[in-house]
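For reference, the chains in residue letters:
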Amino acid sequence: MSSRISSGLYDHMFRYIIVGDMGVGKSCLLLQFTDHKFRHQHQLTIGVEFGGKTIDVKNKSIKIQIWDTAGQEAYQSITRTYYKGAIGALLVYDITKHDSFDNINKWIKEIKTHGSKDLCCMLIGNKKDLEEQRQVKYEEGKELAEQNKYLFLETSAKTAENVQEAFIKSAEKILEQIEKSGIDPTLPSKNVKITIDDDTENNNEEKKTCC
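Residues numbered from 1 in each chain as written. Predicted model: local features only at pLDDT ≥ 70, side-chain atom pairs only at ≥ 80, totals over all residues. Heavy atoms only, no water.

Enquirer: Describe the overall build of the protein, and please don't skip the residues or the numbers.
Expert: Broken down by element type, the protein carries eight helices and six strands. Secondary structure of the protein in N-to-C order comes out as α-β-α-β-β-α-β-α-α-β-α-β-α-α. Among the 211 residues that make up the protein, the fraction classed as buried is 47%. A fraction of 72% describes how many contacts in the protein between residues 6 or more apart in sequence connect residues 24 or more apart. (Helix = DSSP H or I, 4+ residues; strand = E, 2+ residues; numbered from the N terminus. Buried < 20%, exposed > 50% of the residue type's maximum accessible area, 1.4 Å probe, protein only. Contact = heavy atoms within 4.5 Å.)

Now the structure itself:
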């Protein structure tokens with residue numbers, strides 16, 4: 001753990017939204033990422049749940065705030081309000097339920113309609129530990145991700161396989177976009193230029209926020 005993380009400082013704050021059908025394991029992914037725990041008893045998310053964690057990405061301290069949204073149709077008018085503040089999105093399906101994969105196209109449409117154009121998306125096939133019950137081939141998920149220019153991973157919230165990697169890889173992609181464009185889309189003004197050089201940390205030290 002870096003000294004900046006332990007002191008509560010961070011260089012960037014990335015807000016994520018997790019979407020997908022009910023029961024695909026969105027809340028379990030969040031809990032595994034933030035607390036390294038797995039919830040054996042399934043609890044439905046009512047509206048939106050929140051979690052957060054600070055990680056090291058390319059020698060930067062990144063604070064990730066995550067909104068875990070309810071998959072039920074009844075709550076979608078509530079969860080849509082959280083799309084616009086997000087810079088990262090995880091679209092989750094259950095590899096043992098092909099209908100949850102088929103419905104990903106609905107979530108892609110939701111993201112495109114209500115999300116930011118700068119949104120970095122990752123498609124996740126969860127419950128990788130239930131290989132004997134698999135209904136969605138790895139190649140199907142990979143192909144859909146490539147068609148939409150999304151990142152792709154299969155995960156297991158139960159065993160923690162690829163859970164940390166999902167957030168790290170997507171945060172790396174967001175950071176690459178920031179460094180390439182010189183514009184930080186997480187700032188209130190999308191026209192604010194950022195300088196990527198060795199003096200950035202010292203120049204911005206007073207601007208850093210304490211958790």
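Enquirer: Go over the packing of aromatic side chains with me, naming the residues and quoting the values.
Expert: Summed over the entire model, instances satisfying the criterion amount to four aromatic pairs. On the basis of an interplanar angle of 70° and a centroid distance of 4.9 Å, the ring pair of Y93 and F101 is categorised as edge-to-face. For F101, a relative accessible area of 9% puts it in the buried group. Connected via pairs of aromatic rings, a cluster forms that spans Y16, F33 and F167. (Phe/Tyr/Trp six-rings, centres within 6.5 Å; stacked < 30°, edge-to-face > 60°.)

Enquirer: Please set out helix α6 (residues 138-147) residue by residue, giving values where relevant.
Expert: Within α6, burial applies to G141, L144 and A145. All buried residues of α6 project into a common sector of 100° when viewed along the axis, lining one side. Those residues of α6 that are exposed and angled more than 90 degrees off the buried face are E139, E146 and Q147. Looking at the packing, one finds that the buried side of α6 touches β4 (88-94), α4 (98-102), α5 (104-114), β5 (120-126) and β6 (151-154). Where α6 terminates, the next one or two residues include K149, which has phi positive at roughly 60°. (Arc of directions from axis to C-beta.)

Enquirer: So what about the confidence of the model for the protein? Which residues, and what values?
Expert: Mean pLDDT over the protein: 80, with 71% of residues reaching 70 or higher. Low pLDDT, under 50, characterises residues 188-211; the stretch is placed with 34 contacts to residues that sit more than four places away or in other chains. (pLDDT = per-residue confidence, 0-100.)

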